[in-house]
Each structure stands twice: as C-alpha cells, then as structure tokens.
Amino acid sequence: MESLPRIDFIELHDLDRTPAVLRTLHTESIAFIYRLTDAAREYSRPLALALRTGADSRIVDLCSGSGGPVPLIQQRLHDEGIHTHVTLTDLVPNVRAFERVEAENRRRLPDSCCSVDHVSSSVDATACRIEGTRTIYGAFHHFPPSLAQRMLQNAVDARQPIVVVDTKRSFLYVLLFPFLLTLTVLVSAPFQRNPLPRYLLRLLLTYVVPVLPFMMFFDSVVSFLRMYGRGELRRMTDGLDRTESFSWTIGVEPGFTGAQYLIGIPRR
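The model shown is predicted, which means the values in this text are computed figures rather than measured ones.

Cut-offs and rules
Residues numbered from 1 in each chain as written. Predicted model: local features only at pLDDT ≥ 70, side-chain atom pairs only at ≥ 80, totals over all residues. Heavy atoms only, no water. Helix = DSSP H or I, 4+ residues; strand = E, 2+ residues; numbered from the N terminus. Polar contact = N/O pair within 3.5 Å; in protein donor to acceptor, adjacent residues only side chain to side chain. Phe/Tyr/Trp six-rings, centres within 6.5 Å; stacked < 30°, edge-to-face > 60°. Core = buried A, V, L, I, M, F, W, Y, C linked by side-chain atoms within 4.5 Å. Buried < 20%, exposed > 50% of the residue type's maximum accessible area, 1.4 Å probe, protein only. Contact = heavy atoms within 4.5 Å. Pairing = 2+ DSSP bridges. Axes fitted to C-alpha atoms, helices over the stretch in contact; angles between N-to-C directions. Patch = residues over 30% accessible without salt bridge, like charges linked within 9 Å, V, L, I, M, F, W, Y side chains within 5 Å. Areas by Shrake-Rupley, 256 points an atom, 1.4 Å probe, with all protein chains shown as cover. Salt bridge = Lys/Arg side-chain N within 4 Å of Asp/Glu carboxyl O. Lys, Arg positive; Asp, Glu negative; His and termini not counted. Charge placed at Lys NZ, Arg CZ, Asp CG, Glu CD. Arc of directions from axis to C-beta.

Novice: Account for the environment of Ser29, naming residues and giving values.
Specialist: If you trace the backbone, Ser29 turns up in helix H1 (residues 20-37). Within the local environment of Ser29, its side chain forms a polar contact with the side chain of Arg202, the two groups lying 2.9 Å apart.

Novice: Lay out the packing of aromatic side chains in plain terms, naming residues and giving numbers.
Specialist: Tallying each qualifying case throughout the model produces 8 aromatic pairs. Among the aromatic residues, those joined into a ring-pair cluster are Phe9, Phe214 and Phe218.

Novice: Describe the nonpolar core, naming the residues involved and giving the relevant values.
Specialist: In terms of nonpolar packing, the biggest core is built from 26 residues, with Tyr43, Leu47, Leu51, Ile73, Leu77, Tyr137 and Val165 touching the most fellow members. Secondary-structure elements contributing two or more residues to this core are helix H2 (40-52), helix H3 (70-79), strand E2 (85-88), helix H4 (95-108), strand E5 (162-167) and strand E7 (259-266). A total of 6 residues in this core trace back to one element, the largest contributor, which is H2. Excluding residues within four positions of it along the chain, Leu51 makes contact with Asp56, Ser57, Ile59, Leu77, Ile82 and Thr84. Formed by 25 residues, the second largest nonpolar core is a distinct cluster that contains Val123, Ala148, Met236 and Ile250.

Novice: I'd like to hear about the sheet that holds strand E4 (residues 133-137), residue by residue, with values.
Specialist: Spatially, E3-E2-E1-E4-E5-E7-E6 is the arrangement adopted by the 7 strands of the open sheet, whose pairing is mixed. Each edge of the open sheet is held by one strand with a lone partner, namely strand E3 (115-118) and strand E6 (246-252). Strand-to-strand twist in this sheet, taken as the mean axis angle between neighbours without regard to direction, amounts to 20°. Where E6 meets E7, 7 bridges bridge the pair, whose relative direction is antiparallel. Paired with Gly251 across the two strands is Tyr261, which belongs to E7.

Novice: Could you give an account of a positive patch on the surface, with specific residues and numbers?
Specialist: Side chains of Arg35, Arg106, Arg107, Arg108 and Arg193 sit close together on the surface and give a patch of like positive charge. The greatest single-element share of the positive patch, amounting to 3 residues, is contributed by H4.

Novice: Tell me what's going on with helix H9 (residues 230-238), and back it up with residues and numbers.
Specialist: Of the positions making up H9, those classed as buried are Glu232, Leu233, Met236 and Thr237. Looking straight down H9, one finds its buried side chains confined to an arc of 135°; they lie on one side. Exposed residues pointing more than 90 degrees away from the buried face of H9 are listed as Arg235 and Asp238. For H9, the elements touching its buried residues are helix H5 (145-158), E6 and E7.

Structure below.
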C-alpha cells in the first residue's frame, strides 16, 4: 500500500459542524484505546531515540486532543530512567481534559523529575513558538501535505527537534483495525470515567443512537487512507528550506500498532 497515493479526505470529528462534546467523546475514546493497547510501548521508542541523540527533554506535544498517549509515554520513559517535562497544546485545547491528565500525572509521578502542564490558549502546530522537542502523535495525517510541511518547516526555522509518530499505511490496518476500534468503543463505553452528564451522553450515543461507533469506524478508515508513506515523508523533508541543518530519521517500530516515525534533530 506504500506505493498507492495518499487519499486526502475529511474525518467527521474534524468538521466544524461536529458538536464539541461529540469531538471530546471521540478523542477520549482514542485516549482510552491508547491505554488499553499499551501503545506507549511502541510509541515511546522514537521519542527515546530522539532524546538519546540530542533532543530536548522539554516536550511540547502538538494536537494533544484529550491528552493522547504522551502521559503514558512519559510514564514508560520514566521507568527507563528518561525524565521529561511535557506541555500539552492544541489548536482547540480541551483544558478540562488537560487538567485531569496533570492530576493523574501528579499521582503517578509525584517526583519533580517529570511533570505535565498545558497551554490553555490556542497553539497552531504550523506556527508554534514554544521551545522544546515538538511531538505529534496520531495526528500528522490530519494535515494536508502543504500544512504538514509547514509544521516541519516551523520546527526547522525555530531549530527545535520534532518527533512525528503515526500508523504506517497498510491494507491490513484498513481492513482490520476499524472493526477492532469500533468494537472497543462498544465494549468500553460503560467503563470510561466521565462526569455523569457526559457519561450518560456517551452511553446514549453509543447504544441508543450509535453515532460514536459510526464516527469511530468511519474516521478510522479515512485515517488509515490518509497516512503518509515513508517515501512521502522523505520527499517532504527533502523539500524543506535548510533541511540540511537537521538530521532526519524515518522508520517503523515493529509491533501491533505499526508505529511509523519521523525524527528531526538540529545538527550542531
């Protein structure tokens, strides 16, 4: 599937007309799936590699959604003796979710060696001004090539390391994963912790009017078709201004999630 062209289509939770609460339920489901599948095991390796090759331990997570996998990754890195300080950001920040993630982090990692904070105002991933290693997990495919390249160019211009992790483009994932993810949403809805009104709304939109499972299935199919291939990532980095000032690494971590990564580190 690497040789097939990327299909740029819209995901339902990206639409402006999608109610904010439905978008929140969707991103919370994704965060729950990250925990359930232990995606942090594979997702942490590219960041660990970047940190060991000169990236800043201050992590600026772009497009954080409802917290995403970064706190889980931070926990795994901490267990390996790698300490980080994470700042969660988003174009439309879910401040309540960020605050919950911070509270959970304080319970899990009470030491000052690792911390999580957030930016409550809007942060554009293509024009970020916050210093630190930029990370973007599971969201790079949401950007069309022009904006994706602008995000990378912004990191180069600011001379800030960047780590992009997404799923590799594969027929297996398109044919199999949407069903597994939808099944997970159906099974897990009663076990997700939410304030009572949103918990009841989740049950309603999962079992009575199954909007959430449909959105998860549709968006996951579209997501896998929108993933960038390794050749496309290479052409993207080759087209950056002053790309030679960065060292670029593209690869895939073996494992269930098919984590594909792009790492950019400023050359000294």
